[in-house]
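Each chain, written out:
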Amino acid sequence: MKIMKFGGTSVGKPERMHQVKDLIIHGKEKKIVVLSALSGTTNALVGISDALAAANKELAKERIDTLHQHYQVFYKDLLQSEAGRSKAEKIIKEHFEFLNIILKISFNEAISRDILAQGELLSTKLFYTLLQELDIPAVFLPALDFMSIDENAEPELKKISEKLKIILANYQEENIFVTQGYICKNHRNEVDNLKRGGSDYSASLIGAAISADVVEIWTDIDGMHNNDPRIVDKTRPIAQLSFDEAAELAYFGAKILHPASIWPAQQYNIPVKLLNTMEPNALGTTITSKELGTGVKALAAKDGITAIKIKSSRMLLAYGFLRKVFEVFEKYKTSIDMITTSEVAVSVTIDDLSHLNEIVRELETYGLVEVDKNQTIISVVGNLIAESKGTLANIMDSLTDIPIRMVSYGGSRHNVSLLVDAKYKNTALQNLNIGLFQW
Ligand code: ADP
Ligand code: ASP
Ligand code: MG
């Protein structure tokens, strides 16, 4: 069994959906096809939800109508038969009626998550209608029947696996299964999601749940590049990465993969392939447990970082000081990305600001607290980086004109992280590209 996940751009146009269809009918093996919403849809749904949260029903209605219009055009290009078109019309009507009903009721967080789920529901139903129109046998698998998260928003892999195996056991002969990425049920049995970009995570979780042979992530680029192609001109795809390297790149900002999408596949040792829907024969990137080569392989940047410095009120950091500091973050379920310490102070970075005020208030009982917002973590990722001679010097030489707020070196064999003000991010990535890859 293999998992084939297609992102927003891969299903964002009728002709692309046809390409996806060509890719999934190739070969006899069983596959679970995981689809994102059409590109732009989740952003539009966020816009609708934001307008409702701000009690601006007029704006929400306007946004619903614009999105509705998009789907009215889309399905007519996607489908040719009377039967297919009338099915699609019904699907679109049902989902937009739902959005219009929401306009009339009082808004809350659970409703917002219901709104966000409409994108994947629409894309999978329209794609399934296309398969039906073309007489391609397939099974529609609603993700909400098996994908779940617990009270800490962590996926319940064991439960997911049990449920999915029971469902799949009903279909011994069928080869193609279509399901939604991103959406799930939470511990209150409400509709929820795996956060933005979460369809990659869904694919990896489904792969782990059924011990798939491979998880293929089909997107709009030919694999993981050695730097962010949106910012740096000369980047190239990396043929092979280890799970650890890919996880670090995903976590530290390589948008091609959801930050948490590697661990399920890694835990069950399932290869992950990053492939290009628009160029299916390109090599792409294969991610496995193999650690190949040494030295720097890629750079990534994570935005929206806040640095917090706590200067101990005593001259030296007394024992127990760090524990107390970390307990504050634990209490507010806020994870720390980078840490640096000196004899008198400790600096940490966080990206979840939901409890910043409470955290700062509590930390102030232990010392002087300083907060720097709008920071970016630049991560240099590869194999045995700390051991490879000259790497740190090369990194520092590339950044001579950029003030570096924090450096984390030696914490992992795969990563050197630097914290800079967000305004230096692009220059830092470009200079490091020249310094580390000689371009
Ligand atoms: P999808 O909609 O298929 O999930 P995404 O937009 O989430 O696709 O991810 C693919 C995009 O990630 C690429 O178009 C590219 O601009 C961006 N990206 C950022 N960093 C990298 C990187 N290191 N390698 C490849 N793509 C990257
Ligand atoms: N549609 C969701 C998003 O745009 C999930 C995904 O595409 O992976 O974030
Ligand atoms: Mg994505």
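See the structure printed just above.
Residues numbered from 1 in each chain as written. Chains lettered and ligands numbered in written order. Predicted model: local features only at pLDDT ≥ 70, side-chain atom pairs only at ≥ 80, totals over all residues. Heavy atoms only, no water.

Student: What is the right way to read the sheet that holds strand E11 (residues 295–312) from this model?
Tutor: Pairing between the strands of a sheet is mediated by backbone hydrogen bonds and can be parallel or antiparallel. The strand order E12-E13-E11-E14-E16-E15 describes an open sheet built from six strands, whose pairing is antiparallel. Taken across any chain shown, the strands that pair with only one partner, and hence form the sheet edges, are strand E12 (336–341) and strand E15 (406–412). Along the sheet, successive strands turn relative to each other by an average axial angle of 30°, direction set aside. In terms of strand pairing, E15 meets strand E16 (residues 415–421) through five bridges, oriented antiparallel. Looking across to E16, one finds that Ser412 is bridged to Asn415. Its contacts with the sheet put helix H12 (residues 356–363) on E11, strand E13 (345–350) and strand E14 (367–383), and the angle it makes with E14 is roughly 115°. Running at roughly 135° to E11, helix H14 (residues 425–437) makes contact with E11, E14 and E16 of the sheet. (Pairing = 2+ DSSP bridges. Helix = DSSP H or I, 4+ residues; strand = E, 2+ residues; numbered from the N terminus. Axes fitted to C-alpha atoms, helices over the stretch in contact; angles between N-to-C directions. Contact = heavy atoms within 4.5 Å.)

Student: Got a minute to help me understand the site of ligand 1 in this structure?
Tutor: Around ligand 1 sit 16 residues in total, of which Lys5, Thr219, Asp220, His225 and Lys255 are the nearest. Ile256 places a polar main-chain atom, nitrogen or oxygen, 3.5 Å from an oxygen atom of ligand 1. Protein contact buries 87% of the 580 Å² of open area that ligand 1 shows by itself. (Near = heavy atom within 4 Å. Polar contact = N/O pair within 3.5 Å; in protein donor to acceptor, adjacent residues only side chain to side chain. Areas by Shrake-Rupley, 256 points an atom, 1.4 Å probe, with all protein chains shown as cover.)

Student: Would you mind showing me how to read the site of ligand 2 here?
Tutor: Taken together, Ser36, Ala37, Thr42, Glu120, Tyr182, Arg196, Gly197, Gly198 and Ser199 form the complete shell of residues around ligand 2. Arg196 has a polar side-chain atom sitting 2.7 Å from an oxygen atom of ligand 2. Gly198 is positioned with one of its backbone polar atoms (N or O) 3.4 Å from an oxygen atom of ligand 2. Residues belonging to the shell around ligand 2 are distributed by class as follows: two nonpolar, five polar and two charged. (Nonpolar A, V, L, I, M, F, W, Y, C, P; charged D, E, K, R; others polar.)

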